[in-house]
Amino acid sequence: MSLGQRLAQLAGRLQEPQRVARFQRLCGVEPPLSRSAVASADLREEEEEEAPLSGDCRRREQQPEACGGPQTPGSDRNQCPAKPGGGGAPNGVRNGLATELGPASPRRAGVLRRNSLTGEEGELAHVSNWPLYYLFCFGTELGNELFYILFFPFWIWNLDALVGRRLVVIWVLVMYLGQCTKDIIRWPRPASPPVVKLEVFYNSEYSMPSTHAMSGTAIPISMILLTYGRWQYPLIYGLILVPCWCSLVCLSRIYMGMHSILDIIAGFLYTILILAIFYPFVDLIDNFNQTHKYAPLIIIGLHLALGVFSFTLDTWSTSRGDTAEILGSGAGIACGSHVTYNMGLIVDPPLDILPLVRPPITVTLFGKAILRILIGMVFVLVIRDIMKRITIPLACKIFNRPCDDIRKARQHMEVELPYRYITYGMVGFSITCLVPYLFFFIGIS
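Residues numbered from 1 in each chain as written. Predicted model: local features only at pLDDT ≥ 70, side-chain atom pairs only at ≥ 80, totals over all residues. Heavy atoms only, no water.

## A few points about the nonpolar core
Here is step 1 of the chain: F151, I219 and Y255 are the most contacted members of the largest nonpolar core, which totals 63 residues.
Here is step 2 of the chain: For this core, the element with the highest residue contribution is helix α7 (residues 161-185), accounting for 11 residues.
Here is step 3 of the chain: Discounting residues that sit within four places of it in the chain, F151 has contacts with L167, I219, M223 and W245.
Here is step 4 of the chain: Y424, I431, V435 and F439 belong to the second-largest nonpolar core, a separate cluster that totals 13 residues. (Core = buried A, V, L, I, M, F, W, Y, C linked by side-chain atoms within 4.5 Å. Buried < 20%, exposed > 50% of the residue type's maximum accessible area, 1.4 Å probe, protein only. Helix = DSSP H or I, 4+ residues; strand = E, 2+ residues; numbered from the N terminus. Contact = heavy atoms within 4.5 Å.)

Shown next, in the form of structure tokens:
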């Protein structure tokens, strides 16, 4: 067997949903009662296939691949199933089995948030290890909107605006490439059963690579690269933070049943490649955003063009909106940094005083930080809500789309792209321009 064949075989095994189901069971997650027999049969079948018997290969040839069996990259089964509104089962769900949940167990059942666009809901599941459940819920939130909308403003308002801006540049690049790669490869999520889908918020997206794994790898590594030497702290802190953060996010996606092991490994390696190629240009990009005369026009045009391109890669899914949201946020933050630089609201410390020393934590310092977060986040959320109420009806009116059902209206590129891009563009602009100006006005900058 050649090296290529061995690698293909290894990739096929790492993509098998049975391995995801085994990890879930190891962590105390079991399917509902009506599905337990199906999942157990799948796992037993997988164990038999892996048994080193002389008739192993012959048995595999005689048994046609079932949905949920080993998935070989590039096979016909790696075509994404029907989208919302079409026939057949949704991505990663076997026909006729998704609704067989049966009665709930007397033990507690964990359910994460439903998909607001497709209406899908997470499956009821028997969870016996609740500390792990909440730990991995926290881990998966490290790649969701709630985390981003708190994390990046906290850096920009309270810690180091330069580091915050450059983290956003890296995040936008990594997430955009990850989302586009998903729509090019088009591999489905792990089949359910045997996998228990604890989360379905991103279930209508493709699976390869895991953008949660990419974000969970890019952010901690970039934090260390951007701060070490700029701030005084022991390097060992960073060497502990990176593997803990990265492994928590990556394992949480397997635990939630959203990704195979192969998706996670591919996401991690893809991120390392992106950082190796593009990190040296981050300083140049940030300086251009702040100082170039026509930077706002170039930023808006480039991000909008990238959004239109990504929308042409595949049919509708929630990844369309996520991509526009990422690009809009990045464009807004970059344009806001240009305005604040020219207004002198946020001034980066001169290079001759580096490395920076952490100031002593006082009641005044802590109180101002809390005030900035509370006031800033209220302002940002109000801006987001106002823009959402304006952009969706406006886009529907301009492009003659019915606005009675917002969920269906947002499945059209003409509505979803301007809504996400404009709304989160204003959110990003508020974070780096309007809110710092508000802080300066009320004296807590």
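## So, the packing of aromatic side chains
The geometry of two aromatic rings is summed up by the distance between their centres and the angle between their planes.
Here is step 1 of the chain: Counted by the stated rule, this structure contains 15 aromatic pairs.
Here is step 2 of the chain: Measuring from ring centre to ring centre gives 5.7 Å for W130 and Y134, while their planes differ by 40°; the resulting arrangement is tilted. Here Y134 and W130 lie together in helix α5 (residues 130-141), a separation of four residues that amounts to about one turn.
Here is step 3 of the chain: Where F151 meets W245, the ring centres are 6.0 Å apart and the plane angle is 80°; that geometry is what we call edge-to-face. Placement of the pair is F151 in helix α6 (residues 145-159) and W245 in helix α9 (residues 235-255), with a sequence separation of 94 residues. W245 carries the same exposure label as F151, and that label is buried.
Here is step 4 of the chain: Aromatic ring contacts, followed pair by pair, group F147, Y148, F151, F152, W171 and W245 into a single cluster. (Phe/Tyr/Trp six-rings, centres within 6.5 Å; stacked < 30°, edge-to-face > 60°.)

## Some thoughts on helix α1 (residues 3-14)
Helical periodicity: at 3.6 residues per turn, an α-helix aligns residues three or four positions apart in one direction.
Here is step 1 of the chain: Given a rise of 1.5 Å per residue, 12 residues ought to cover 16 Å, and the 16 Å separating the end C-alpha atoms of α1 matches this to within 8%.
Here is step 2 of the chain: Residues A11, G12 and L14 constitute the buried set of α1. Buried residues of α1, viewed axially, fall in a sector of 165°; they line one side.
Here is step 3 of the chain: Contacts from the buried residues of α1 go to α2 (17-26) and α10 (261-278). (Expected span 1.5 Å × (residues − 1). Arc of directions from axis to C-beta.)

## Things to note about the side chain of T340
Here is step 1 of the chain: Along the chain, the position of T340 falls in helix α13 (residues 318-343).
Here is step 2 of the chain: Residue classification places T340 among the buried residues on the basis of a relative accessible area of 3%.
Here is step 3 of the chain: In contact with T340, not counting residues within four places along its chain, are L345, I346, T432 and C433.

## Things to note about a nonpolar patch on the surface
Here is step 1 of the chain: Together, V378, V382, I386, I390, L394, I398 and F399 line one region of the surface with nonpolar side chains, adding up to about 630 Å² of accessible area.
Here is step 2 of the chain: Assignment of secondary structure puts F399 in the loop between α14 (363-398) and α15 (406-409). (Patch = residues over 30% accessible without salt bridge, like charges linked within 9 Å, V, L, I, M, F, W, Y side chains within 5 Å. Areas by Shrake-Rupley, 256 points an atom, 1.4 Å probe, with all protein chains shown as cover. Salt bridge = Lys/Arg side-chain N within 4 Å of Asp/Glu carboxyl O.)

## With respect to the packing of α6 against helix α16 (residues 413-442)
Here is step 1 of the chain: Close contact between α6 and α16 brings their axes to 11 Å; oriented N to C, the two are set at 35°. Crossing hand, α6 versus α16: right-handed. Judged by residue contacts, E145, P153, I156 and W157 of α6 engage Y424, I431, T432, V435, P436 and F439 from α16.
Here is step 2 of the chain: Partitioning the contact of α6 with α16 into residue classes produces eight nonpolar, one polar and one charged. (Axes fitted to C-alpha atoms, helices over the stretch in contact; angles between N-to-C directions. Left-handed = near helix turned anticlockwise from the far one by under 90°. Nonpolar A, V, L, I, M, F, W, Y, C, P; charged D, E, K, R; others polar.)

## Brief notes about α5
Here is step 1 of the chain: A rise of 1.5 Å per residue sets the reference length of α5, with its 12 residues, at 16 Å; its end C-alpha atoms lie 16 Å apart and thus fit the reference within 8%.
Here is step 2 of the chain: Turning to α5, its buried residues number three or more, namely W130, Y133, F136, C137, G139 and T140.
Here is step 3 of the chain: One side-chain oxygen of the residue at the start of α5 lies 3.2 Å from the amide nitrogen of L132, identifying that residue as N129. (Polar contact = N/O pair within 3.5 Å; in protein donor to acceptor, adjacent residues only side chain to side chain.)

## Let's talk about the packing of helix α8 (residues 211-227) against α9
Here is step 1 of the chain: Axis separation between α8 and α9 bottoms out at 8 Å; the angle between their running directions is 170°. By the angle between their directions, the pair α8 and α9 is classed as roughly antiparallel. Between α8, through H212, A213, G216, T217, I219, P220, I221, M223 and I224, and α9, the contact on the second element is made entirely by L235, G238, L241, V242, W245, C246, V249, C250 and R253.
Here is step 2 of the chain: Taken together, the residues of the contact of α8 with α9 sort by class into 13 nonpolar, four polar and one charged. (Parallel < 35°, antiparallel > 145°, perpendicular 65-115°, else oblique.)

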